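Notes for the structure review
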Amino acid sequence: MSTRPRPPGPRTGLLLLPPLLWLGVAYLGALGALFLAAFWTTNEFTGDLVRVFTLDNFRELLQASVYRTITLRTLGVAVLVTLVDAVLALPIAFFMAKVASPRLRRLLVIAVLMPLWASYLVKAYAWRGMLSTSGPLSWLGISPGYGLTGLVITLAYLWLPYMILPVFAGMEKLPDSLLEASSDLGAPARATFRRVVLPSVFPALVAGSIFTFSLTMGDYIAVKIVGGPTQMLGNVVADNYGVANNLPFAAAYAVVPVVVMLGYLGIVRRTGALENL
Amino acid sequence: MTISGRLKAGLAACTVLVLVIVYVPLALVVLNSFNVSKSFAWPPSGLTLRWWNAAGHSTGARHALLVSVEVGLLATAIALVLGTMAAMALQRAHFFGRNAVSLLIILPIALPGIVTGLALNNAFTTIFGLSLGFFTIVVAHATFCIVTVFNNVQARLRRMSSSLEEASADLGARPSTTFWLVTYPLLRSALLAGGLLSFALSFDEIIVTTFTAGGHEQTLPIWIFQNLFRPNQTPVVNVVAATLIVLSAVPIWIAQRLSETDVVGAG
């Protein structure tokens with residue numbers, strides 16, 4: 001192991017150049033151009049871009065109640081989906097890491113991973129079948145149909161493996177001796193969970209929440225498949241670009257999830273969650 | 001460890017419940033591919049192979065599958081090269097901006113797909129003047145696939161001691177010789193794992209693809225999405241979906257094999 005960090009040599013520069021050109025120049029450039037377009041408008045009659053700086057798009061986003069509602073609804077769904085996934089992931093991850101035998105653990109990891117490889121679209125489609133009026137849930141008399149509830153269920157279902165895997169990895173790192181010490185000191189299971197398990201897997205939960213949050217905020221496909229009439233942030237962006245041909249407004253609205261995610265990443269950097277990704 | 005029997009039973013019950021929730025919808029898709037009812041009425045009144053036969057003759061689905069495989073392979077090849085380069089550069093040197101570079105690599109999957117899609121669409125059409133199609137899909141997919149290779153290679157490099165490479169250099173090998181004879185064999189399974197993940201990510205992607213595919217090119221997810229709402233096509237879509245569910249066991253199997261050979265290789 002090298003004891004002292006070496007200064008970057010010409011080899012590092014050469015290795016770094018192609019990925020940096022691709023991501024740093026092309027991708028960041030594309031993001032920058034999109035951000036710039038957010039301050040433009042389109043001509044109402046011709047649909048052409050008007051390249052004049054204005055804050056109109058952002059003003060409308062903040063002032064029009066319909067967009068405020070959609071933003072808040074999207075954030076609410078993202079929080080709800082994250083909570084549902086965390087609640088489902090904690091017991092199964094704990095069982096996998098601390099209770100199951102090594103053999104069972106291997107099988108469970110495969111069982112959890114398998115749906116992760118199944119197509120996103122197929123899983124959303126599967127819930128379209130589950131929630132449909134002639135589907136098994138309504139046969140049981142409990143179908144919420146296509147709408148906000150169905151959407152939260154489907155999104156929580158879609159992102160669940162992204163939460164289970166980091167939490168499971170976090171649980172595996174938790175030493176058994178800590179749990180033993182806690183119970184030796186007389187703590188009931190609930191106190192051990194709250195004061196030992198939860199704090200140590202917290203970074204892993206946050207790491208999982210980065211996925212559940214970001215994926216929910218950008219989604220519009222699942223919304224179209226199971227959301228019924230529900231409008232989410234992603235739909236407004238997609239429709240403004242695709243249907244209304246209003247790139248500047250779509251760009252302005254797309255800034256919202258970026259700001260939310262960057263803010264979120266900035267906050268969680270301190271928890272060490274990024275190393276758990 | 002002292003976990004009471006009741007708690008264990010409760011945890012086991014939760015685990016079983018979650019697994020049931022995870023697998024029932026997938027099982028439903030597979031079962032519905034044999035459902036005689038075109039609207040998948042539950043419970044099925046009978047089973048048929050008609051839809052499988054119809055799907056086998058669907059040229060649209062076959063062509064879309066081919067496009068998806070080609071895009072996945074090309075994007076993965078690019079990601080393997082760029083991701084490995086970035087991981088090696090960041091591993092061997094500590095410099096100002098190192099964190100910024102790793103953040104930059106995560107960014108295309110950390111940001112919502114719709115943002116990446118819209119940004120790339122805008123850049124392709126207005127800045128580079130490209131028409132959307134096969135090429136732009138590959139470029140877009142490679143952009144968000146780099147991170148999977150980068151993460152796998154970086155994790156492997158972190159566990160590897162640099163002494164082997166230093167020995168190789170001390171014995172007079174040039175950097176390229178050292179890479180092919182020393183570093184690459186040690187990285188191989190990490191590259192396979194990263195490449196597999198990258199291919200799966202590309203094969204499954206729909207949001208960025210929608211924005212970068214244009215009107216003429218269809219990947220399998222786009223084909224599924226476009227035919228999903230057509231009542232005539234849904235049985236065929238369902239067969240394609242069922243096939244994909246069954247096929248998703250393949251990468252898991254490969255990954256398991258990989259981790260086994262890894263253990264052997266380390267021993």
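Because the structure is predicted, anything quoted here is derived from the model rather than measured. (Residues numbered from 1 in each chain as written. Chains lettered and ligands numbered in written order. Predicted model: local features only at pLDDT ≥ 70, side-chain atom pairs only at ≥ 80, totals over all residues.)

1. Observations concerning the overall build of chain B
Stated formally: Working definition: helices are DSSP H or I runs of at least four residues, strands are E runs of at least two. Numbering for both runs from the N terminus. Throughout, the radius of gyration refers to the C-alpha atoms, and the reference size of a globule is 2.2 Å times the residue count to the power 0.38. Neighbour density around each residue's C-beta defines its exposure: 20 or more other C-beta atoms within 10 Å make it buried, 12 or fewer make it exposed, and counts between make it partly exposed, where C-beta atoms are placed from the backbone. We call two residues in contact if the C-beta atoms placed from their backbones are at most 7 Å apart.
Regarding its fold elements, chain B presents twelve helices and zero strands. Overall, chain B shows an N-to-C arrangement of helices and strands of α-α-α-α-α-α-α-α-α-α-α-α. Over its C-alpha atoms chain B spans a radius of gyration of 23 Å, topping by over 25% the 18 Å that the globule rule assigns to 267 residues. Once the C-alpha set of chain B is aligned to its principal axes, its extents read approximately 75 × 65 × 30 Å. Burial status across chain B gives 44% buried among its 267 residues. Look at the contacts in chain B between residues 6 or more apart in sequence, and 77% of them connect residues 24 or more apart.

2. Observations regarding the interface of chain A and chain B
Let me state the cut-off plainly: When residues are sorted by character, Ala, Val, Leu, Ile, Met, Phe, Trp, Tyr, Cys and Pro go into the nonpolar class, Asp, Glu, Lys and Arg into the charged class, and all the rest, Gly among them, into the polar class.
Listed as interface residues are 75 residues of chain A and, on the opposing side, 67 residues of chain B. When residues of the side of chain A that touches chain B are assigned to their parent elements, the largest contribution, 16 residues, is made by helix H1 (residues 10-37) of chain A. Across the side of chain A that touches chain B, the residue classes tally to 56 nonpolar, 14 polar and five charged.

3. Quick notes on the packing of helix H11 (residues 233-242) of chain A against helix H12 (residues 247-268) of chain A
Residue and element names in this part refer to chain A. Here is the rule: Angles run from 0 to 180 degrees between N-to-C directions of axes, and those axes are lines fitted to C-alpha atoms, restricted for helices to the stretch in contact. These descriptions rest on fixed angle ranges, namely under 35 degrees for roughly parallel, over 145 for roughly antiparallel, 65 to 115 for roughly perpendicular, and the rest for oblique. Throughout, a crossing is termed right-handed when the near helix is turned clockwise from the far one, and left-handed when it is turned anticlockwise from it by less than a right angle.
Contact geometry for H11 and H12: axes closest at 8 Å, N-to-C directions at 160°. Classified by the angle between their axes, H11 and H12 sit roughly antiparallel to one another. Crossing angle aside, the handedness with which H11 passes H12 is left-handed. The segment H11 lies against H12, with Leu 233, Val 236, Val 237, Asn 240 and Tyr 241 engaging Leu 247, Phe 249, Ala 250, Tyr 253, Ala 254, Val 256 and Pro 257. Along the lines of polarity and charge, the residues of the contact of H11 with H12 split into eleven nonpolar, one polar and no charged.

4. Notes on the nonpolar core
Soluble, globular proteins show a tendency: their nonpolar side chains are buried together. For the record, the criterion: To count as a nonpolar core, a set of buried Ala, Val, Leu, Ile, Met, Phe, Trp, Tyr and Cys residues must be joined through C-beta atoms within 7 Å.
Core analysis: the largest hydrophobic core is formed by 159 residues, its most contacted members being A:Ala93, A:Val167 and B:Leu118. With 16 residues, helix H7 (residues 148-173) of chain A is the single largest residue contributor to this core. With sequence-adjacent residues up to four places away left out, B:Leu118 is seen in contact with A:Leu34, A:Val237, A:Tyr241, A:Ala250, A:Ala251, A:Ala254 and B:Phe211.

5. Considerations on the environment of A:Val268
When you line up the elements, A:Val268 lands in helix H12. Spatially, the C-alpha atoms of A:Val268 and A:Ala38 are 27 Å apart, while their sequence positions differ by 230 residues.

6. Topic: the confidence of the model for chain A
Quick reminder of the rule: pLDDT gives the predictor's per-residue confidence on a scale running from 0 to 100.
This prediction gives chain A a mean pLDDT of 86; 95% of its residues lie at or above 70. Ranking the elements of chain A by mean pLDDT puts strand S2 (residues 49-50) of chain A last, at 81, and helix H10 (residues 221-226) of chain A first, at 94.

7. Description of the confidence of the model for chain B
Residues and elements named next belong to chain B. Taken over all residues, the pLDDT of chain B has a mean of 86, while the share at 70 or more is 94%. Element-level pLDDT for chain B is lowest in helix H12 (residues 249-266), with a mean of 65, against a maximum mean of 93 in helix H9 (residues 207-212). Note that pLDDT drops below 50 for residues 263-267; the model gives that stretch zero contacts with residues more than four away or on any other chain.

8. A look at unusual backbone geometry
At A:Asn245, a residue that is not glycine, the phi angle is positive and equals roughly 55°. Inspection of the secondary structure assignment puts A:Asn245 in the loop between H11 and H12.

9. Considering helix H1 (residues 5-32) of chain B
So the rule is basically this: What a helix is expected to span follows from its residue count: subtract one and scale by 1.5 Å. Axes are fitted to the seven residues ending at a residue and to the seven starting at it; the angle between these axes is taken as the bend at that residue.
Given a rise of 1.5 Å per residue, 28 residues ought to cover 40 Å, and the 40 Å separating the end C-alpha atoms of H1(B) matches this to within 8%. Of all bends in H1(B), the biggest is about 25°, found at B:Tyr23, and the proline B:Pro25 comes one to four residues later. Three or more residues of H1(B) are buried, namely B:Leu11, B:Thr15, B:Val22, B:Pro25, B:Leu26, B:Leu28, B:Val29 and B:Asn32. Residues of H1(B) that are buried make contact with helix H3 (65-99), helix H4 (102-117), helix H5 (120-131) and helix H6 (136-139) of chain A together with helix H11 (234-247) of chain B.

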